[in-house]
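# Results of the structural survey
What follows is each chain in one-letter form.
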Amino acid sequence: MTVVMKMKDIFDCKLLMVDDEPELRKMVNEILRREGFVKIISASNCNEARQIFIHEKPDGVILDVSLPDGDGFSLLSEIRTTSAVPVLFLSARDEDENRLLGLGLGADDYITKPFLPRELTLRLRAVLSRAYFPVILKRTEKPIFRLGKTKIDLNSGAVITKNDQLMLTAKEFALLEKLYENRGNIVTGDSLCRAAWSDNLYGYENTLMVHIRRLREKIEPEPSTPRYLLTVRGLGYKLTGVEDR
Amino acid sequence: MKNLMKILTRYVLSAAGVALILLVVNFAALITWTTQSGKTVRKNYDIAQIADSLLRSDGGYTLPETARNKIETNRQWAMLIDNNSGTVIWSLNQPSEVPQSYTVSDVAGFTRWYLNGYPVTVWKHPDGLFVLGNEKDSVWKYCVTEPMAIMDNAGVWIIIILILNSLVAVLLALLFGLRLFRSLKPLAKGIEDMAEKRPVELSTCGLLGDLAAGINDTSAQLKRQEAALSKRDNARTTWIAGISHDIRTPLSIVMGYSNQLEEDAELPQSKREQAGIIRRQSERIKTLVSDLSLASKLEYDMQPIRRSEIALAALLRQTAVDFLNSGLSDSYDLDVIIKEDAQNAMISGDEELLRRAVSNLIANCIQHNPNGCAIKVTLEKTLGNCSLTVSDNGVGFKQEMLDDLNHPKNSARLENHGLGLTIVRQIIKAHGGITKFYNLAEGGCTVVLSLP
């Protein structure tokens, strides 16, 4: 825990990169440095990785599945006996995906080769933040956003207009939160139902429609001609025009 | 086993038939034989004629020349015994050991049996008893006497005997047939097993041992071939997986650097665009590599199918939304139509694979109609199956491609249009469904997936 305390942000993490291809190591190294990570150590096989792991105690590991002297899965099992360090797998085989999905190996995430630099950095940052800056610390803060002149505070579930303040019901809140998370994108009726009622859409079509209508009455200036909460016929709904405070 | 029963029945029936025919033929032969020989005897020998031609003439008897010749050529002899005295009153060639007078009991004896070893026949003459004698040992005499009751029922008896005969024939045939059946049964079972690819190890003892050994050999041969085939399939899939694995690492480096160049603000716009092209083409290779690997695994049943209960309507909506959210151009119109009866259609299948099948179809519509088209995804229930249709109003399939898709000769063939549609068909097949590709009369094409 002392480590966590000392750490200012995830870029302070000491990273261990294990892959047998030197060119790939070099590229990943570059990508990570560009992103802002500074402490990066590389290893080209299991044995080297083992040594470095003991002496350097890295805060995060990027691990290739197939290595010349063993596979990443067994190396992970070894690591897991002594440490809960976040591990991101790099896999080059479709079969690995099956194992990664099927077995609870204790990997935090995985990327299939070939990958774009952005994929790698996004996933790595997610894995590291989850491990060292857990959501619990940030949970108190939910977004506040605007739809035109209406302000919506997801902390209190309040819809604030110039001369009025309305409260969202629990279901309306769940629906709006889901729509906000996917703002600008279509959300299927199925996903909305799972968010609000933890069930499939079948049988809830009318209920969903009624709740969307009530939600519109609260957030739309003209509920009959919606501008922000749009219907995508046959598929679902979409929240547009969101301005983050 | 059913066939074997049929063979047995036929065998028994034909055996019974053979027995019956033999019986009838024998009867007929017996009857013709007796009547024929009876006729020959009667032709040479008519005692009534001879007896009637013996006439009394002034105290003696005369036999006409013809009758006398007949007796002599047949080496017979004759005599006439007086009715009152029992003495011989006329004779011709009478052997010396034959007595000259007879009592009633003598007469009764020789009419039935033999006279001093001579077979004789008798005829009534106006003056006594005419006796015609044959050579010794030339005729076999047996007197048949049966109670009237037996002769009355002769017809019934003959029928009963016939029936009994055929019954015995059938029983015997059944017995032998059953023995044959029992020895054939393991062979039939062996052939059946062989057809279903189960190992066959028959006992090679007994009459049909050679046949059993032959079946064993064939089964072992099949087993070897199957093993060789599956080894080859395995090797091919492993080989493809290996290649795709080896391509992925260098491709990561190509994609990584080209993407960095693409986003490098220091480079001129044209160079960044070129880097973007390299990156996009690398992504195409990436898709191709994973398609190739998946297609080969599906082809040889090596892709694990993770089954779960899937709401198809939700899957279709999500797939369509994913396309729309990833920035589908406005020139495309993507519609999802779920028919009333299919709203709650659930099937057991691999969600990831089915999603891939549907998105491959939508992607195919987009790829082949770069100027835009209207894509319609429909789900309905037909005859208990879920029927999933993806159609567009675009350019449609070329005829030879349509033939290829509907009647694949070599399903893992790499077409110039990639493996997308091949994978769709393989995924649906792995789920026990059927894929059909059509061109629409009004333009465009449609692909129907039927899932149980």
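Definitions and cut-offs
- Residues numbered from 1 in each chain as written.
- Chains lettered and ligands numbered in written order.
- Predicted model: local features only at pLDDT ≥ 70, side-chain atom pairs only at ≥ 80, totals over all residues.
- Heavy atoms only, no water.
- Salt bridge = Lys/Arg side-chain N within 4 Å of Asp/Glu carboxyl O.
- Helix = DSSP H or I, 4+ residues; strand = E, 2+ residues; numbered from the N terminus.
- Buried < 20%, exposed > 50% of the residue type's maximum accessible area, 1.4 Å probe, protein only.
- Core = buried A, V, L, I, M, F, W, Y, C linked by side-chain atoms within 4.5 Å.
- Contact = heavy atoms within 4.5 Å.
- Patch = residues over 30% accessible without salt bridge, like charges linked within 9 Å, V, L, I, M, F, W, Y side chains within 5 Å.
- Areas by Shrake-Rupley, 256 points an atom, 1.4 Å probe, with all protein chains shown as cover.
- Pairing = 2+ DSSP bridges.
- pLDDT = per-residue confidence, 0-100.

Think of it this way: side chains of opposite charge can pair up when their charged atoms draw near. Residue and element names in this part refer to chain A. Applying the stated criterion to the full structure yields 20 salt bridges over all chains. Here glutamate 56 ties to lysine 14 by a salt bridge, and the two come within 3.3 Å at their closest N and O atoms. Taken together, the residues glutamate 56 in helix α3 (residues 46-56) and lysine 14 in strand β1 (residues 14-18) connect sequence positions 42 residues apart. When its relative accessible area of 22% is taken as the criterion, lysine 14 is described as partly exposed.

This paragraph deals with the nonpolar core. Ranked by size, the top nonpolar core spans 52 residues in total, and within it Leu316, Ile362, Ile375, Leu379 and Phe397 of chain B carry the most contacts. Take this core: its biggest share by element is eight residues, from helix α10 (residues 351-368) of chain B. Apart from the residues within four sequence positions on either side, phenylalanine 397 of chain B is in contact with Asn364, Leu402, Leu405, Leu421, Phe437, Tyr438, Asn439, Cys445 and Val447 of chain B. Core analysis: the second largest hydrophobic core is formed by 42 residues, Val18, Phe37, Leu63 and Ile79 of chain A among them.

All names here are of chain B. Taken together, Tyr11, Val168, Leu172, Leu175 and Phe176 make up a surface patch of nonpolar side chains, about 470 Å² in accessible area. When residues in the nonpolar patch are grouped by element, the largest group, four residues, is from helix α6 (residues 154-195). Examined against the element boundaries, tyrosine 11 turns out to sit in helix α1 (residues 2-44).

Residues and elements named next belong to chain B. Strands sit in the order β4-β3-β7-β6-β5 across an open sheet of five strands; the sheet is antiparallel. At either end of the open sheet lies a strand with only one pairing partner, and these are β4 (88-92) and β5 (114-115). Here strand β3 (residues 77-82) pairs with β4 via four bridges, running antiparallel. If you follow methionine 79 over to β4, its bridge partner there is serine 91.

Right, let's talk about the confidence of the model for chain A for a bit. Residues at a pLDDT of 70 or more form 89% of chain A, whose mean pLDDT is 83. Every residue in residues 1-5 of chain A scores below 50 in pLDDT, and together they form two contacts with partners more than four places removed in sequence or on other chains.

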